[in-house]
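As a plain string of letters, each chain reads:
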Amino acid sequence: MAPTGLIDVHAHFVTDGYVAAARSAGIEHPDGMPGWPAWSAESHLGLMERGGIEKSYLSVSSPGVHFGDDEAGRALAREVNEFGARVRTEHPGRFGHFASLPLPDVEGSLAEAAYALDVLGADGVTVESNHHGLYLGDARLEPLWGELDRRGALVFVHPTSPPHAEAVSLGRPRPMLEFLFDTARTASDLLLRGVLARHRRIRWVLTHGGGALPLLADRLELFRSWLGDGPADAPSAVEELGRLWYDMAGTPFPRQIPAFEAAFGTERLVYGSDHCWTPAEGALAQIASVDSAPPPATAGSWRDLTTRNARRLFAPDGR
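Reading the values: rules and limits
- Position numbers for residues count from 1 along each chain, tracking the sequence in the order it is written.
- Residue-level local features of this predicted model are given only where pLDDT is at least 70; pairs of side-chain atoms are given and counted only at 80 or more, and the full residue set underlies all totals for whole chains, interfaces and linings.
- Working from all heavy atoms in the structure, the side-chain values ignore hydrogens and water.
- Whether a set of points on the 1 Å grid over the protein atoms alone is a cavity depends on a 1.4 Å probe fitting there but being unable to get out, while an open set qualifies as a pocket with protein on both sides within 12 Å along at least five of seven lines; lining residues are those with an atom within 4 Å of a point.
- Grid points are joined across faces, edges and corners, and a volume is the space filled by probe spheres set on the points.
- Each helix is a run of H or I in the DSSP string that is no shorter than four residues. Each strand is a run of E no shorter than two, and both are numbered from the N terminus.
- Throughout, the ten residues Ala, Val, Leu, Ile, Met, Phe, Trp, Tyr, Cys and Pro are labelled nonpolar, Asp, Glu, Lys and Arg are labelled charged, and all others, Gly among them, are labelled polar.
- By definition here, a salt bridge exists when the distance from a side-chain nitrogen of Lys or Arg to a carboxyl oxygen of Asp or Glu is within 4 Å.
- Relative accessible area decides the class of each residue, using a 1.4 Å probe on protein chains only: under 20% of the type maximum gives buried, over 50% gives exposed, and in between gives partly exposed.
- Being paired, for any two strands, means DSSP has found at least two bridges between them.
- Two residues form a contact once any of their heavy atoms are found within 4.5 Å.
- Throughout this description, a polar contact denotes any pair of N or O atoms lying within 3.5 Å of each other; where both atoms belong to protein, one of them has to be capable of donating a hydrogen while the other can accept it, and for residues adjacent in sequence the pair is counted only when both atoms sit in side chains.
- Aromatic contacts are taken between Phe, Tyr and Trp rings whose centres are within 6.5 Å, Trp giving its six-membered ring; a plane angle under 30 degrees counts as stacked, one over 60 as edge-to-face, and the others as tilted.
- In this scheme, the term charge over a ring applies when either NZ of a lysine or CZ of an arginine sits within 6 Å of the ring centre and within 35 degrees of the ring normal.
- To estimate how far a helix should extend, the number of its residues minus one is multiplied by 1.5 Å.

1. Comments concerning empty space enclosed by the protein
Inspection of the entire model under this criterion finds one cavity of 30 Å³ or more. As a volume, the largest cavity reaches approximately 70 Å³. Looking at the lining of the largest cavity element by element, the count peaks at three residues for strand 4 (residues 124-128). For the lining of the largest cavity, the residue count by class is four nonpolar, six polar and one charged.

2. Some words on the pattern of salt bridges
In total, this model carries 18 salt bridges according to the counting rule given. Measuring nitrogen to oxygen at the nearest pair gives 2.9 Å for the salt bridge that ties Arg50 to Glu281. Placement of the pair is Arg50 in helix 2 (residues 41-51) and Glu281 in helix 12 (residues 280-292), with a sequence separation of 231 residues. Under the relative-accessibility criterion, Arg50 is labelled exposed at 54%.

3. Some details on the sheet that holds strand 9 (residues 245-247)
Pairing within the open sheet is parallel, and its eight strands lie in the order 1-2-3-4-7-8-9-10. Strand pairing shows two members of the sheet lacking a second neighbour, strand 1 (6-12) and strand 10 (269-270), which therefore form its edges. The sheet contact formed by strand 9 and strand 10 spans two bridges and is parallel. Of the residues in strand 10, the one forming a bridge with Tyr246 is Leu269.

4. Topic: the environment of Arg185
Tracing the backbone through its elements, the reader meets Arg185 in helix 7 (residues 178-192). Along the chain, Arg185 and Arg23 lie 162 residues apart, while their C-alpha atoms are 28 Å from each other. Every residue in contact with Arg185, bar those within four places of it in the chain, is listed here: Tyr135 and Pro162. Separated by 2.6 Å, the side chains of Arg185 and Asp182 make a polar contact.

5. Describing the environment of Ala116
Mapping Ala116 onto the fold places it in helix 4 (residues 106-118). Residues Ala116 and Ala77, 39 residues apart in the sequence, show an inter-C-alpha distance of 9.7 Å. If we skip the residues at most four places from it in the chain, Ala116 touches Ala99, Gly121 and Ala122.

6. Topic: the packing of aromatic side chains
For the structure on display, the rule yields 17 aromatic pairs. What links up through ring pairs into an aromatic cluster is the set Phe13, Trp39, Phe83 and Phe95. Across from the ring centre of Tyr115, 3.7 Å away, lies the NZ or CZ of Arg78, which sits over that ring.

7. Side note on the side chain of Thr183
Among the secondary structure elements, Thr183 is positioned in helix 7. Aside from chain neighbours lying at most four places away, what touches Thr183 is Pro159, Leu206, Thr207, Gly210 and Gly211.

8. Side note on helix 9 (residues 213-227)
Its 15 residues place the ends of helix 9 20 Å apart at the C-alpha level, agreeing with the 21 Å of an ideal helix rising 1.5 Å per residue. Turning to helix 9, its buried residues are Leu213, Pro214, Ala217, Leu220 and Arg224. Looking at the buried positions of helix 9, the neighbouring elements they touch are helix 7, strand 8 (203-206), helix 10 (237-242), strand 9 and helix 11 (252-264). Looking one or two residues past helix 9, Gly228 carries a phi angle of roughly 60°, positive in sign.

Purely geometric stuff here, so don't read any function into it on its own.
Now the structure itself:
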């Protein structure tokens, strides 16, 4: 019997126009990486065939679409979102799409979310872990979260470079370490500022197994108890964070997913490749590690588990 097809919730695309806009803004080495990847639907479908991936949900990765000018950010978001919608339409059943928002422009992001979800039929929206230093718990974003909560929308949170990245990354590409820390930083901000509690209907998806978050959840709860942060009967940090969804892009085995499972279980764990920023051969090596890992305690394979979870994530009630 053929193995279960993977559902990839963490897959990326770039366009010539997008890369040109980023370069015009002076971004030749995004997040300290050597350069920009190439992408085509055909090459991505080739990877999917080789790796046994049934469907890939495409999004624009860091550094996003806002390079300092609101109007330009709105225009670029519209351009890449319409491109992503066309790819999905041209390859029915193979691709989904998370729409880019031009944050930190909240007004523009509200308008683009409505257009992407209502007109383009996007499967969700994507935001970065911070937008020019604006983290996701910031009160200025509350109108956006309120609208996405009303819609029960999926919000895919992709990491990006933190403020003052050059100083803290020590000359290394930020995806190596800083992305994992920034995911934990923005998730803790969502938690500690009460955004997660206020907006229960948003389906938040964090990447790379939550980054450093599984190892920090107990520490967050310790400090919450010391500081008297929130009502005494509030769910613990581990409980709140365990309600989010997480993908396993990166290096899930042999160590990361066992640590993740110990913190949050596996009921909301889904698969992610991170292609095209992860080259095809790297994505295939990661799939091989998933397929050869000891199976999850819930029986079946990691393919079975993550695909079953993904179908729940994209179900109408997201449960």
